[in-house]
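Below are the chains, spelled out letter by letter.
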Amino acid sequence: MEEQRRKSGRWGYIWPMWMTLLLHLLAIILFTTGFLLTRTELPYYSHCTDLSNSPCFPPSPNNNGSCWTKPSINRLVIIVLDALRFDFVAPSTFFAESKPWMDKLHVLNNMSSSRPSSARIFKAIADPPTTSLQRLKGLTTGGLPTFVDVGNSFGAPAIVEDNFINQLFQNGKKVVMMGDDTWTQLFPHHFERSYPYPSFNVKDLDTVDNGCIDHLFPSLYEDDWDVLIAHFLGVDHAGHIFGVDSTPMIEKLEQYNNHLERVIEVLENQSGPGGLHENTLLVVMGDHGQTLNGDHGGGSAEEVCVTNMVETAIFAMSFQEPLSSVPPDFDSCTCQTDLDGKNVCISSMQQLDFAVTMSALLGIPFPYGSIGRINPELYALGAGSWKFDASQKLPEVDIWMKNYANALCINTWQVKRYIDAYSASSAVGFSHDDLSRIASVYAQAEDHWLHSTKKLLLDRHNDSDVLVPELKRQIDAYFKFLTTVAELARSKWTEFDLKMMGTGIGIMLISLIFQLYAILRPTKQHDVNLSSSSGNSSIITSSIFTIFLLAIHSFSLLSNSYILEEGKVVNFLLSTSGIVALRQSVIKEKLLIESIGFLLLSTLCRFAIEVGLSKQAATSAFMKDYSSWIANIASDLLVWDYASKVIPMLVLILLAFWLYKATRCGFFDWPRKYVILGTILSYMLIIVHWITDSDGFGVALTAESIGRNYIPRIVYAIALGQLFLLSFGQLFKRNCLDCKTNLVAKTTAMLSAWSPTVILLSGKQGPMIAFASIVGGYCIMRLDNIEESNKNRPGRSFSIMQWSLFATCLFFCSGHWCAFDGLRYGAAFIGFEEFSLVRQAILLAIDTFGFSIILPVFGLPFLVVTKYQNNLGKHLLFTQLSQMYTTYGLITAVISTFTILCVTIHRRHLMVWGLFAPKFVFDVFQLILTDILICLASIYYFDQGDDDLELKSSDC
Amino acid sequence: MDRRKKDSEKTPASKASVVEASPAISASEVFTVNLLCGVGLALSLWVANTIYSINLVTDPSLTLFIISIIELPIVILLYGRYRQNRQRCSYLRAVGRGILGVPIGALLNSLGAIALGAPVTFQHLAKTLNWSLMMSLFTIVPASCVLGSSWADWKRIFAQTKPNGSIEYLICLQAYGAVIGGWFGAWPMPLDWERPWQEWPISVSYGTLSGYLVALVASLGFVLAHRRLQHVKKD
């Protein structure tokens, strides 16, 4: 058997890893198809003629162009301000505390306070997921887009479902669009004219906005459109780059205020009878909110952050003679006096209702899949245009109510039609109970309509005394139905394919067993060699302790609080392992410095993680506590500012010096020597890049923009060259040295080839984290060696566990967390200005997982190497190495398995899309990346062929 | 929170000296010692509750301080009686080094707590300080009364966990009990239950106290079992 293994060469060591990769891929594909849901998109569209099937009144035939409802506005101007927080719009008196970014869009406040019946601010509640693409889809279809589409956010596919824009297009309304190019991707053929601007370069605050402004004002004077959409991105980008509480953000808001003032003025001037904007509705809205540090997309589960992401504002203003008032029963508003002492009322609405309300106002068919309801306050803003005929003796308000009841009737009928069609066409629709519940609520409302309200309405000579209570009852019945449907859709829309998920979990468990087998197998085979150590109780203790730590970490993933604080949990475990190591080194009375150093390092990590967490939840109490003393040191002193620039460079020079010293040692032969020299060159280039990038050094380079892009590109090119050199060097080399030195040289070369890219992408913190990982790795390596009673022991799982915990800590230390807003998008644009999906995705992945996966996986051989004396032979060494890699893979796999179990258990949890699903995506990505890297590393590290040298030496 | 063997930073003191072992004590004495420690704890909680009308949740800082103040004389005076090297070391000296052990133990404990994630802000300073005082009384102080500066004994008891004789069983088990209890007590802290006791150091203190109480009982049991075993061996 031994001989067989030796014959099969390196594949004998490698195949378990490839097998694991395949198993994991299979498991994850199966699970993901079951878990990340796709809502069935129905290929049906609403048509004008459909209305004859409904029990409701068609619009009076003399209203030409009208279709479902009586149109109340002719033109619509939608200004979308991306990531508009509710508190940007609402007066600061609505909040407990006045913040610098509030009250900047005061024109909206003034309008809604001075003309309460024609202008109004709404607090709009968006449904998750809160990324721009998802929200635009939700806004236009009136449905609930699912999480899967987040994955498509980078390549926005056209919307195939029926939607508001499509209805406009079908009914001959002309739509003009300017701003964010996501719109043109979603609706490629629907616009009369469009002026798209690229939305992905987050560093650019002004291009999109200026483009919008350039086209917005001329268009306002033209009459060749019915609906105008202007999508501004400045606030979103300013939030991503600088955060909410920053000067660029406030400048942006002030700029918008001026633009909006001008827009209102232009519209106002032409709103006279017969004017261009006589029946125009202006809507200023956000697609979603953002947290204080500018994130959205659904990560942090803190209550505050969720409301911040979900709450955005809609401001609507019509330029018609207003209706005297809306019947107070429907008013869901809260009123407060603003800073000028005027009364401002703010209503609340669901973003879901936007599409249907706008369709009703314009008189076009409602989107087929919409499940929103017509919002009374928003609908009332358009009521002024109806020429109320004096022949009716009813007051205006009652006529409006009549119309509204009819519109709701159509609304209800359309939603019911959709629900029926959906349950008929989708394999797993709503449950039977729910359907019958909906049906009964619907039947009630319809009954009432057919038997009392309709008759009353047909009879033109009723008093309002009779009519109004009846109408109110009718409207309440419709509200009840629509609310029931929306609630049901929210809670039950997402259908999990439990069979698929179960199969995925099953395969995952099988892969765990397989990995365990792969770890234990070599131990059995070498029982002869290792028998001396098998009775060693300390190994058993340490494996038990490893399993204990792993179990705590894994089980902690089952709770959302621990996932939120995973950084701290991991650090707690790391420190615990450090304390245990310290105890060990006290017993042996050696390596005290290393163990204390390791403990100190993990303490430092802990502070770094806390700073990272504070970024995640900038609103939390943490900032208040810490800013006091951090800010005291940080902000006031110029020296500190200067040091924060210089220290990374010094550390980088130190790293370069270490590498230089390593090359002097002489065990690097030609390709590796060049690789390391290349790394040193890259380090120098990075320093130059940082100097030219910052203005603090008084280096005024004219070619600054060139340097900014070219130096990172050169660094990437060098790294690619190094990797090629290493892999080709692999083909030609026959190992001339003993395998241990060879392995050290290979590992060092590989790590040094990766490090410049990772450091460059991580920014100024890069060198520090690189330094910390070297120190930490060294300590783990030394401490692993603490019991050298027997050199042949199998790989100690404890040190691998420490290695893995430390890697996870580094992930959090470098300012990441498991959420899409934890990605440092800025890193993807180092060296490149323009967006290209594959390239930016690779850079982002390297930035996110550089320190936590790439470097640890490639550095793992160090743990093996230190334990062996040179003469031990290749076979044993490689057995140990493959065992170590499998153990590392197993630890990652166990943690991922628990994440998968966790999302399965919590699939109905409130936070599932906000917290668990991103964590799931991150962990799955980490698992696959780790597996792939382990496979690559194993090809790289395991030499081809066998050598006779070890046959002689393996007699031990 | 866990911080075994930080003691290593202590002066690399005496060579494993040929010291006379700590005096053997009878089971009833062990019982009395443990009982007094337990009663001290109960007394301090009672004092806090009735006289100051506070408890760990409402005012952790003061409560911990009361516990420390009341336990301090009990622990030092009790364990001082079982000092090693009776000939060379007077009772007063044992008490003296016990008092010396208080700040050292507090420092080690607070360092360990910080490494594991205890908050370091100014507003938490008093809490951390009082908590580590209490921890010091449970872990380091008894040992410093009994063992003094005998590095070999410290190492043997704490690092290798090979206590020898009844009194060392008490020291070792109680220190480990308090530390491990505190370590487990930190677990509920990140949970989002929003209970007041999840604050640092309340849940950790509860963990410490319960770990310590369990260790008091367990050490008594150990001593009895150990004794019986020795009897059997002798027979």
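Residues numbered from 1 in each chain as written. Chains lettered and ligands numbered in written order. Predicted model: local features only at pLDDT ≥ 70, side-chain atom pairs only at ≥ 80, totals over all residues. Heavy atoms only, no water.

Enquirer: Can you walk me through the overall build of chain B in this structure?
Expert: For chain B, the helix and strand inventory stands at seven helices and zero strands. Contacts spanning at least 24 positions in sequence make up 75% of the contacts within chain B whose residues lie at least 6 apart. Surface summary for chain B: the accessible area is close to 10,600 Å², and the carbon and sulfur share equals 67%. (Helix = DSSP H or I, 4+ residues; strand = E, 2+ residues; numbered from the N terminus. Contact = heavy atoms within 4.5 Å. Areas by Shrake-Rupley, 256 points an atom, 1.4 Å probe, with all protein chains shown as cover.)

Enquirer: Looking at this model, I keep getting lost on the interface of chain B and chain A. Mind explaining?
Expert: Reports of interface size often rely on the accessible area that becomes lost once the parts have come together. Opposite the 32 residues of chain B that make contact, chain A presents 27 residues. Summing both partners gives a buried area of about 2,500 Å² for chain B against chain A, and 66% of it is carried by carbon and sulfur. One can count zero salt bridges joining chain B with chain A. Of all the secondary structure elements, the ones that give two or more residues to the side of chain B that touches chain A are α3 (91-115), α5 (151-159) and α6 (166-185) of chain B. The dominant element in the side of chain B that touches chain A, judged by the number of residues it contributes, is α5 of chain B, at four residues. (Buried area = accessible area lost by both parts, 1.4 Å probe. Salt bridge = Lys/Arg side-chain N within 4 Å of Asp/Glu carboxyl O.)

Enquirer: Could you clarify how one ought to interpret the UniProt feature "transmembrane region" (unreviewed entry) in chain B in this entry?
Expert: Residues and elements named next belong to chain B. Feature annotation in UniProt places "transmembrane region" (unreviewed entry) on residues 33-54, 60-79, 100-122, 134-154, 166-186 and 206-225, given in this structure's numbering. The distance separating the terminal C-alpha atoms of residues 100-122 is 26 Å; by composition the span is 70% helix and 0% strand. Summarising residues 166-186: 95% helix, 0% strand, and an end-to-end C-alpha distance of 30 Å. (UniProt positions renumbered as here; feature names shortened; annotations may be inferred.)

Enquirer: What exactly am I supposed to notice about empty space enclosed by the protein here?
Expert: The probe, sized like a water molecule, is rolled over the atoms to show the empty space still left. All told, the structure shown has 14 cavities of 30 Å³ or more when counted by the stated rule. In this structure, the largest cavity spans a volume of roughly 240 Å³. For the lining of the largest cavity, the residue count by class is eight nonpolar, eight polar and three charged. (1 Å grid on protein atoms, 1.4 Å probe; cavity = no way out; pocket = protein on both sides within 12 Å on 5 of 7 lines; lining within 4 Å. Points joined across faces, edges and corners; volume = space filled by probe spheres on them. Nonpolar A, V, L, I, M, F, W, Y, C, P; charged D, E, K, R; others polar.)

Enquirer: Please explain helix α4 (residues 106-114) of chain A as it appears in this structure.
Expert: Since the α-helix advances by 3.6 residues per turn, residues separated by three or four positions end up pointing in the same direction. Within the sequence span of α4 of chain A, burial applies to Val107, Leu108, Asn109, Met111, Ser112 and Ser113 of chain A. In this structure, the buried residues of α4 of chain A make contact with α3 (86-89), β2 (119-125), α11 (247-269), β6 (280-285), β7 (311-318) and β9 (343-350) of chain A. (Buried < 20%, exposed > 50% of the residue type's maximum accessible area, 1.4 Å probe, protein only.)

Enquirer: What is the right way to look at the pairing of strand β1 (residues 75-81) of chain A in this model?
Expert: The side chains of a regular strand alternate, residue by residue, between the two faces of the sheet. Residue and element names in this part refer to chain A. Burial runs high along β1: seven of the seven residues are buried. With six bridges connecting them, β1 and β6 associate as parallel partners. From the neighbouring strand, isoleucine 79 faces β6, where its bridge partner is valine 284. (Pairing = 2+ DSSP bridges.)

Enquirer: What am I meant to see in the pattern of salt bridges here?
Expert: Where charged atoms of side chains with opposite charge meet at close range, the side chains can pair. Taken as a whole and judged by the stated rule, the model has 18 salt bridges over all chains. Notably, a salt bridge pairs lysine 568 of chain A with glutamate 565 of chain A, separated by 3.5 Å at the nearest N-O pair. The exposure class assigned to glutamate 565 of chain A is partly exposed, which follows from its relative accessible area of 24%. Put simply, glutamate 29 of chain B and arginine 81 of chain B hold a salt bridge, and the shortest N to O gap is 3.8 Å.

Enquirer: Just checking my understanding: could you explain the packing of helix α2 (residues 60-80) of chain B against α3 of chain B for this structure?
Expert: Two quantities define a packed helix pair, namely the angle between the helix axes and the distance between the axes. All names here are of chain B. Running from N to C, α2 and α3 cross one another at 135°; their axes reach a closest spacing of 9 Å. One element, α2, and the other, α3, form an angle in the oblique class. As α2 runs across α3, the sense of the crossing is right-handed. Across the interface between the two elements, Leu72, Ile76, Leu77 and Gly80 from α2 touch Tyr91, Ala94, Val95, Gly98, Ile99 and Val102 from α3. Looking at the contact of α2 with α3, its residues break down into eight nonpolar, two polar and no charged. (Axes fitted to C-alpha atoms, helices over the stretch in contact; angles between N-to-C directions. Parallel < 35°, antiparallel > 145°, perpendicular 65-115°, else oblique. Left-handed = near helix turned anticlockwise from the far one by under 90°.)

Enquirer: How should the environment of alanine 225 of chain B be read in this particular structure?
Expert: Mapped onto the elements of the fold, alanine 225 of chain B is located in helix α7 (residues 202-234). Along the primary structure alanine 225 of chain B and valine 120 of chain B are separated by 105 residues, whereas in three dimensions their C-alpha atoms are 43 Å apart.

Enquirer: What am I meant to see in the nonpolar core here?
Expert: One broad rule of soluble globular proteins: the nonpolar side chains tend to lie buried together. Phe35, Phe858, Tyr885 and Tyr941 of chain A together with Tyr79 of chain B are the most contacted members of the largest nonpolar core, which has 200 residues in total. When neighbours within four sequence positions are excluded, tyrosine 941 of chain A is seen to be in contact with Leu743, Lys746, Thr747, Met750, Phe858, Pro861, Phe878, Leu881 and Tyr885 of chain A. The next biggest cluster of nonpolar side chains, apart from the first, holds 85 residues, and it includes Ile165, Trp183, Ile314 and Leu488 of chain A. (Core = buried A, V, L, I, M, F, W, Y, C linked by side-chain atoms within 4.5 Å.)

Enquirer: Can you help me understand the confidence of the model for chain B in this one?
Expert: Fine structural detail should not be taken from predicted coordinates in areas where pLDDT scores are low. Residues and elements named next belong to chain B. On average, residues of chain B score 83 in pLDDT, and 89% of them reach the 70 mark or higher. Confidence drops under pLDDT 50 across residues 1-20; counting only partners more than four residues distant or on other chains, this segment forms 66 contacts. Taken together, the chains of this predicted complex give a pTM of 0.71 and an interface ipTM of 0.88. (pLDDT = per-residue confidence, 0-100.)

Enquirer: Quick question: what am I supposed to make of the packing of aromatic side chains here?
Expert: Working definition: an aromatic ring pair is given by the centre-to-centre distance plus the angle between the planes. What the rule picks out here adds up to 42 aromatic pairs over all chains. Between tyrosine 940 of chain A and tyrosine 941 of chain A, the ring centres sit 4.9 Å apart and the planes meet at 65°, which makes this aromatic pair edge-to-face. On the basis of relative accessibility, which here comes to 0%, the residue tyrosine 941 of chain A falls in the buried class. Taken together through their ring pairs, the aromatic side chains of Phe545, Phe548, Phe572 and Phe798 of chain A together with Trp183, Phe184 and Trp187 of chain B make up a single cluster. (Phe/Tyr/Trp six-rings, centres within 6.5 Å; stacked < 30°, edge-to-face > 60°.)

Enquirer: I'm lost on the sheet that holds strand β5 (residues 227-232) of chain A in this one. Help?
Expert: Residue and element names in this part refer to chain A. Taken in spatial order, the nine strands of this open sheet run β4-β3-β5-β1-β6-β7-β2-β9-β8, and their pairing is mixed. This sheet does not close on itself; its edge strands, each paired only once, are β4 (193-197) and β8 (334-337). Across the sheet, the axes of successive neighbouring strands diverge by a mean angle of 15°, strand direction being ignored. As paired elements, β2 and β9 share five bridges and run parallel to each other.

Enquirer: Please explain unusual backbone geometry as it appears in this structure.
Expert: Glycine aside, negative phi is the norm for most residues, and most peptide bonds take the trans geometry. Residue and element names in this part refer to chain B. That bond from tryptophan 200 to proline 201 is cis: its omega, -5°, falls within 30 degrees of zero. For proline 201, the location among the structural elements is in the loop between α6 and α7. One non-glycine residue with positive phi stands out, namely serine 53, at about 45°. Mapped onto the secondary structure, serine 53 falls in the loop between α1 (27-50) and α2.

Enquirer: I keep staring at the packing of helix α30 (residues 797-813) of chain A against helix α31 (residues 837-859) of chain A and nothing clicks. Help me out?
Expert: Residue and element names in this part refer to chain A. Between α30 and α31, the least distance of the axes is 7 Å, while the angle of their chain directions is 155°. Relative to α31, the element α30 is oriented roughly antiparallel. In the crossing of α30 with α31, the sense of the turn from one axis to the other is right-handed. Every residue of α31 that contacts α30 at Trp803, Ala807, Leu810 and Phe811 is listed here: Thr848, Phe849, Phe851, Ser852, Pro856 and Gly859.

Enquirer: I'm lost on the side chain of serine 799 of chain A in this one. Help?
Expert: Mapped onto the secondary structure, serine 799 of chain A falls in helix α30. The contacts of serine 799 of chain A, once residues within four sequence positions are left out, are Ile780, Asp784 and Leu863 of chain A.

Enquirer: Would you explain the confidence of the model for chain A in this entry?
Expert: All names here are of chain A. On average, residues of chain A score 78 in pLDDT, and 78% of them are at 70 or above. Mean pLDDT per element in chain A: helix α35 (residues 948-953) is the minimum at 38, and β5 is the maximum at 91. Taken together, the stretch residues 149-156 has pLDDT below 50 and engages in 17 contacts with residues farther than four places along the chain or on a different chain. Contacts for the low-pLDDT stretch residues 697-703, under 50 throughout, to residues beyond four places or in other chains number seven contacts.

Enquirer: Is there a simple way to explain a nonpolar patch on the surface in this structure?
Expert: Residues and elements named next belong to chain A. The grouping of Leu654, Phe657, Trp658, Tyr660 and Ile774 at the surface amounts to a nonpolar patch, some 460 Å² of accessible area in total. Mapped onto the elements of the fold, leucine 654 is located in helix α25 (residues 638-665). For leucine 654, a relative accessible area of 34% corresponds to the partly exposed category. (Patch = residues over 30% accessible without salt bridge, like charges linked within 9 Å, V, L, I, M, F, W, Y side chains within 5 Å.)

Enquirer: Quick question: what am I supposed to make of the side chain of threonine 280 of chain A here?
Expert: Residue and element names in this part refer to chain A. Along the chain, threonine 280 falls in strand β6. Classification of threonine 280 by relative accessible area gives buried; the value is 0%. In terms of polar contacts, threonine 280 uses its side chain to reach the side chain of histidine 277, at 3.1 Å. Dropping the residues within four chain positions of it, threonine 280 is found in contact with Arg75, Val77, Leu267, Met317, Ser318 and Phe319. (Polar contact = N/O pair within 3.5 Å; in protein donor to acceptor, adjacent residues only side chain to side chain.)

Enquirer: What's the story with the pairing of β9 of chain A in this structure? I'm lost.
Expert: For β8 of chain A and β9 of chain A, the ladder comprises four bridges, and the chain directions are antiparallel. Opposite glutamine 336 of chain A, over in β9 of chain A, you have valine 344 of chain A as the bridge partner.

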